[in-house]
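Residue-level listing of the chains:
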Amino acid sequence: MSQAGWYPDPGGQPGMYRYWTGSSWSAAITNNPMQAPPQGGLGGPPRPTGQPGWNPNQRRRSPIGWWLGIAAIVVVLGLIGYLAIRNLGGILGVTPSTGTNPTQNVCPKQVTTTVTPSPPPNDGRVHGGALSYPQLGDPWSVPAPETRVPFGRDVLTQTVMVEPNYKGDQNSWVASVLVGELVAGDGFFSPQQGSEIVVKCIMGVFYDDAEVVRDDKVNKGTTVGGKEAWLVETHLTFDIPKLKTKGELAIILIVATSDASSSIFYASIPDTAAQLVPDARKAMSGLRVG
């Protein structure tokens with residue numbers, strides 16, 4: 001296959017097509033194989049060789065028509081992000097969040113799948129995607145499915161209530177630990193690129209309209225179960241009215257669990273519940289693939 005064009009998605013997504021550049025698969029997917037070739041951004045080709053420091057969100061010189069296309073993509077992705085998280089309050093809370101943080105449009109595109117995840121084994125571990133960790137005990141909740149995470153699917157999470165009803169009867173802030181399949185190009189992004197997409201998505205949609213300041217403590221390549229992985233540990237600070245918590249530790253670990261997909265371990269521990277950080281690290285150290 002040498003001619004550039006849209007071809008059935010090699011990742012196996014039903015009814016979806018991925019763009020072949022003539023030499024490699026791009027990250028762009030569509031359900032309309034007759035549409036024009038992708039023009040860049042999140043739907044552009046993977047990292048070009050010989051260009052260290054490449055950033056998938058960097059701006060490039062281009063004609064006005066290209067910019068109009070990108071503007072349309074931004075609007076669509078912003079709408080998708082809003083719809084995906086409109087029932088979030090705080091971190092995995094329970095009421096609407098209508099944040100307008102300018103990074104909101106970088107959340108991965110949600111792709112509907114008809115594949116039903118297999119029930120996890122009853123082995124004392126929390127399973128999501130192709131990852132699992134030893135189940136955390138009290139004060140953590142029992143593992144529960146979570147369908148509102150804009151960067152993951154097949155997600156199981158454990159939470160601890162930190163600030164109930166901080167802004168009303170259904171606005172609560174929690175500490176959370178979760179595992180799931182990564183939705184960020186379905187494996188056509190490297191773990192490093194996937195981690196950056198997830199961090200920016202988190203900053204854009206989990207904190208209402210508050211300005212979020214990021215301070216990375218760890219940002220490095222690693223391995224999990226012999227698989228390529230990328231770890232980001234960052235401290236996020238913010239000021240949300242009526243919320244005592246003004247910052248928290250976010251741990252994002254992306255693992256390339258197969259040639260065509262990646263999985264994610266994610267933990268969010270508010271500064272007001274710092275005693276839970278060792279639990280999050282214990283879960284991460286006990287990760288297994290498969």
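The rules we used
Residues numbered from 1 in each chain as written. Predicted model: local features only at pLDDT ≥ 70, side-chain atom pairs only at ≥ 80, totals over all residues. Heavy atoms only, no water. Phe/Tyr/Trp six-rings, centres within 6.5 Å; stacked < 30°, edge-to-face > 60°. Helix = DSSP H or I, 4+ residues; strand = E, 2+ residues; numbered from the N terminus. Buried < 20%, exposed > 50% of the residue type's maximum accessible area, 1.4 Å probe, protein only. Expected span 1.5 Å × (residues − 1). Pairing = 2+ DSSP bridges. Contact = heavy atoms within 4.5 Å. Salt bridge = Lys/Arg side-chain N within 4 Å of Asp/Glu carboxyl O. Axes fitted to C-alpha atoms, helices over the stretch in contact; angles between N-to-C directions.

Enumeration over the complete set of coordinates arrives at 8 aromatic pairs. Here Phe151 and Tyr266 contribute two aromatic rings whose centre-to-centre distance is 5.6 Å and whose plane-to-plane angle is 80°, an arrangement assigned as edge-to-face. With Phe151 in the loop between strand 6 (144–145) and strand 7 (152–163) and Tyr266 in strand 12 (residues 263–270), this residue pair connects regions lying 115 residues apart in the sequence. Here Phe151 matches Tyr266 in class, with each residue buried. Measuring from ring centre to ring centre gives 5.9 Å for Trp173 and Tyr207, while their planes differ by 45°; the resulting arrangement is tilted. Linking Trp173 in strand 8 (residues 173–182) with Tyr207 in the loop between helix 2 (191–205) and strand 9 (213–224), this pair joins segments that are 34 residues apart in sequence. According to the relative accessible area criterion, Trp173 is buried, its value standing at 0%. Connected via pairs of aromatic rings, a cluster forms that spans Tyr166, Trp173, Tyr207 and Phe238.

Residue Pro139 follows Asp138 across a cis peptide bond; omega there is 15°. For Pro139, the location among the structural elements is in the loop between strand 5 (131–134) and strand 6. Phi is positive for Asn165, which is not a glycine, with a value near 55°. Of note, Asn165 is situated in the loop between strand 7 and strand 8. Its identity is not glycine, yet Lys242 carries a phi of approximately 75°, on the positive side. For Lys242, the location among the structural elements is in the loop between strand 10 (227–237) and strand 11 (247–255).

This paragraph deals with helix 2. With 15 residues, helix 2 should reach 21 Å at 1.5 Å per residue; the first-to-last C-alpha distance of 21 Å fits that figure. The buried fraction of helix 2 amounts to 12 of the 15 residues, a majority that puts the element mostly inside the structure. Within helix 2, burial applies to Pro191, Gln193, Gly194, Ser195, Ile197, Val198, Val199, Cys201, Ile202, Met203, Gly204 and Val205.

Attention shifts here to the sheet that holds strand 4 (residues 125–128). As a general point, the strands of a sheet are linked pairwise by backbone hydrogen bonds and lie either parallel or antiparallel. Ordered in space as 4-5-13, the 3 strands form an open sheet in which the pairing is antiparallel. In the strand order of this sheet, the two ends are held by strand 4 and strand 13 (288–289), each with one partner. By the bridge criterion, 4 bridges tie strand 4 to strand 5 in an arrangement that is antiparallel. In the strand pairing of strand 5, His127 is matched with Ser132.

So, on to the environment of Thr237. Position of Thr237 relative to the elements: it lies in strand 10. Residues contacting Thr237, with those up to four places away along its chain left out, are Glu211, Val212, Val213, Lys246 and Gly247.

Here we take up the pattern of salt bridges. A full pass over the atoms with the stated rule returns 6 salt bridges. The salt bridge partner of Asp239 is Lys246, with a shortest N-O separation of 2.6 Å. If you follow the salt bridges from partner to partner, you end up with Glu196, Arg214 and Asp216 in one network.

Here we take up the sheet that holds strand 12. Taken in spatial order, the 7 strands make up an open sheet running 6-7-8-12-11-10-9, and their pairing is antiparallel. The sheet is open, and its two borders are formed by strand 6 and strand 9, each paired with just one other strand. Where strand 6 lies against strand 7, 2 bridges are found, and the strand directions are antiparallel. Counterpart to Pro145 in the pairing with strand 7 is Leu156. Strands in contact with helix 2 are strand 8, strand 9, strand 10, strand 11 and strand 12; relative to strand 10, the strand with the most contacts, it is inclined by about 25°.

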